[in-house]
Each structure stands twice: as C-alpha cells, then as structure tokens.
Amino acid sequence: MNAPLHRPPLLTRINWYWTFQLACWGALALFNSVYGGSSQLRIVMTIACWGSLGGLLLSHLWRGVLRRRGWAANGLRWKRILPSLALLAAIQTASVTAAFHVMYPPDVLRGLAWLPGALLFWFGVFLTWTVFYFTTLSLRRAAHLEAETLRLQLHGREAELRALQAQVNPHFFFNSLNSVRALIFEDREAAAHMIDQLANLMRHALQSSQHATVPLSTELDAVRAYLAIEQCRFEDRLRVSFAIEISAPELEHVRVPPMALQTLVENAVKYGVETSADGGDIRITAQRGAGIDALQIEVANTGELRSASGSTGIGLRNARQRLQLACGEHASLELRQQAGWVYATIHLPGKI
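Residues numbered from 1 in each chain as written. Predicted model: local features only at pLDDT ≥ 70, side-chain atom pairs only at ≥ 80, totals over all residues. Heavy atoms only, no water.

Asks: Quick question: what am I supposed to make of the overall build of the protein chain here?
Replies: If you tally the helices and strands in the protein chain, you get ten helices and seven strands. Burial statistics for the protein chain: of 352 residues in total, 38% are counted as buried. For the protein chain, the proportion of contacts with a sequence separation of at least 24, taken over those separated by at least 6, is 73%. Looking at the protein chain as shown, the accessible area adds up to about 20,700 Å², and 61% of this sits on carbon and sulfur atoms. (Helix = DSSP H or I, 4+ residues; strand = E, 2+ residues; numbered from the N terminus. Buried < 20%, exposed > 50% of the residue type's maximum accessible area, 1.4 Å probe, protein only. Contact = heavy atoms within 4.5 Å. Areas by Shrake-Rupley, 256 points an atom, 1.4 Å probe, with all protein chains shown as cover.)

Asks: Sorry if this is basic, but what is going on with a negative patch on the surface here?
Replies: Together, Glu186, Asp187, Glu189, Glu235 and Asp236 make up a region of like negative charge exposed at the surface. Tracing the backbone shows Asp236 in the loop between helix 7 (216-234) and strand 2 (238-244). Here Asp236 falls in the exposed class, since its relative accessible area comes to 69%. (Patch = residues over 30% accessible without salt bridge, like charges linked within 9 Å, V, L, I, M, F, W, Y side chains within 5 Å. Salt bridge = Lys/Arg side-chain N within 4 Å of Asp/Glu carboxyl O. Lys, Arg positive; Asp, Glu negative; His and termini not counted. Charge placed at Lys NZ, Arg CZ, Asp CG, Glu CD.)

Asks: I keep staring at the pattern of salt bridges and nothing clicks. Help me out?
Replies: For side chains bearing opposite charge, pairing can occur when the charged atoms are close. Going through the model one piece at a time under the given rule, you end up with three salt bridges. The partner of Arg336 in a salt bridge is Glu298, and the shortest N-O contact between them spans 3.6 Å. In this pair, Arg336 is assigned in strand 6 (residues 332-338) and Glu298 in strand 5 (residues 293-302), connecting sequence segments 38 residues apart.

Asks: Could you clarify how one ought to interpret the packing of aromatic side chains in this entry?
Replies: This structure, assessed with the given rule, holds six aromatic pairs. For the pair Tyr17 and Trp18, a centre-to-centre distance of 5.2 Å together with 70° between the ring planes defines the contact as edge-to-face. With relative accessibility at 17%, the residue Tyr17 sits in the buried group. Ring geometry for Phe121 against Trp122: centres 5.0 Å apart, planes inclined by 75°, an arrangement best described as edge-to-face. On the basis of relative accessible area, Phe121 is assigned to the partly exposed category, the value being 31%. The cationic tip of Arg224 hangs over the ring face of Phe242; the distance from NZ or CZ to the ring centre is 4.6 Å. Above the face of the Tyr343 ring, Arg336 is positioned so that its terminal group lies 4.5 Å from the ring centre. (Phe/Tyr/Trp six-rings, centres within 6.5 Å; stacked < 30°, edge-to-face > 60°. Lys NZ or Arg CZ within 6 Å of the ring centre and 35° of its normal.)

Asks: Please explain the nonpolar core as it appears in this structure.
Replies: Among soluble globular proteins, nonpolar side chains are generally buried collectively. Within the largest apolar cluster, 43 residues are counted, with the highest numbers of intra-cluster contacts made by Leu216, Leu227, Val265, Ile282, Ile297, Val299 and Leu348. Listed by contribution, the elements that provide at least two residues to this core are helix 5 (115-184), helix 6 (188-208), helix 7, helix 9 (260-273), strand 4 (280-288), strand 5, helix 10 (314-327) and strand 7 (341-349). The greatest single-element share of this core, amounting to nine residues, is contributed by helix 7. Not counting chain neighbours up to four residues away, the residues in contact with Ile297 comprise Leu216, Val256, Leu261, Thr285, Ala286, Ala344, Thr345, Ile346 and Leu348. Core analysis: the second largest hydrophobic core is formed by 24 residues, Trp62, Leu66, Leu85 and Leu88 among them. (Core = buried A, V, L, I, M, F, W, Y, C linked by side-chain atoms within 4.5 Å.)

Quick look at the structure:
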C-alpha cells in the first residue's frame, strides 16, 4: 500500500489573490446595492453586480499590465500609473452607464452632472486597488527576503561548523598518531591494538562529521576508546574515573558537537598527564545543571593552567565556537583552576 503523499498546509494552498479579488469586489457590489436605494432593488443589484464584474475583469487585466511592464517590481511610477487609472475609470464608467441604459428608461440619466462623480468614484476604487496591490507585493517581497536571509545564515552556519570540524579532526589524529609512534618501539602488540582502537575512532570521526551534533553516549564511547589508547602508552601514569549521573536514555537524548568532549580529554592528557613524571588523574563527570543549564559535562585533570608554547589553541577555541553554533548562544565552555585541578566545564542549555 502506497504511503499517503504529504500535503502542504491549507494556508499555503489557498490562492490569496483570487480570494481577495472576489471578496473585495463582492463587498463593493453589496455596498453599491445598499447605496443605490430600495426602489427597484433587483435592477440596482444587477447593475451593482455588473459593475463589480467589470471592475474584477479590468483590475485583473491591469495586474497583467503592471507585471509585464515591470511597474510592479520597481515601485509606484505615478506618471505612468495615474493616466492608466484614469483610463480604467473611464472604461468602467462607460460600462456601468451602458448597463443603466439597458436596465432603465433612456430618460433616467439626464445631462452630464453625474459624470464627474462617477469618474471620480471609479478612479478612487482603482487607485485603492493599486495601492493595496503594491503594498501586498512589498510585504511579500520582504517576507521572501527575510526567508532567503535566514536560509543563507543557516547555510553559513553549517559551512562554519564543517570548517571547524575539519580543523578538529586532524588535530585529534595528529595527537593519537604520536601516541602510536611512541609505543611502536616498546610493545608492537600493544601498538597493533592501539591502531585497531584508532581505526574505530576514525570511523566514529568520519561518521560524526556528517552531523552538527551526536548523542552524548556516542561521544563518551569515543572518549573511552581514546583513553584506552593512551592507557597503553602511559600505563599507571594515567588514572581515569567516570561519574555519569544521568541515565542511558537521557544520554541518548542529549546531543553535543562531535569531538567537543574529545578535545577536552586530549588537553587533559597532554597538559595534565604527559608533562608530569608521576602522571596524573583525569575525572569525567556528567550531571544535571542548575538554572537554564540542562547538563554540565566536566573534564578535570590534576595540574595547573599555563600557556603552552607548542599549542595552537585550535582545540579549545573551536570547541567554544562549535558549542554555540550547534547548541545556541547559552551553551558555553568554562576553563578554571582550583586546588591543584584544572576544570573544563561544558554548560548545555535546555531540558533533558
């Protein structure tokens, strides 16, 4: 059985031009019927409907002229529009006058005293129609321009995310390959195991690079694989503990930029463990936040904050930018030192 086709919303399927055309000219016919008096109501209504039908036809033809000559795209050109409106008023007046002569005796319309008023009335009607039409076009162009601007902003945001992702992945693999190189000369079997782990991480990086965010559970799995690689290199010098205080379903629901947490763990290993002869401790926690925070993810390592001459700072800088691009302006990354520990804390807004 074929799946039902998706239909656009009702409001987008309505032809608003003809809806307003019929509504406005119908309202004018009703107004002229009431204004024409109660005597010979059928004749008055017939002439009023005739006038509205003629106005509907002329306004539609007038719309075609505006579009073909480009007058509708370049603003109101009064020097061309006003004479055209006068011509439309004259044609409409002649049409309604002919209807009067058909429906009424010839001596009903005597003299020409009524002519200026009729011409002025129909000129005002077509002028109002034209102003309303141009206003509607302007509003629609503004809406389209705003939608196009938002679309370009979205594409720019996606391109920026991809560019930042392209910077993060080489940075990560460069550090990992250095670890493999160091182990090859000590234990070839352990190096082979590290290469297998690195292949798994490469698969994760390639798959996650297609998305702006990934589940936190997936990111934690990648971090564990990375730490397993580094554990082979540092052995007892690297001491890791996890304190994940939210459930597995919630970990699947929370999404973070790929490699954002990985970058923090890399820095903890590089500047908290590698630079110390005794190694160091790394503690990774995830818990519900307070206030607007839905979640706080923290990577802590023993050591102290200091500027590293060999560091480009790409990792942390990109992690901050990608957090705000992917998770909103309230997402943040805070780096601080306290009591011999360095803390990198990710604040994610919203609810989990």
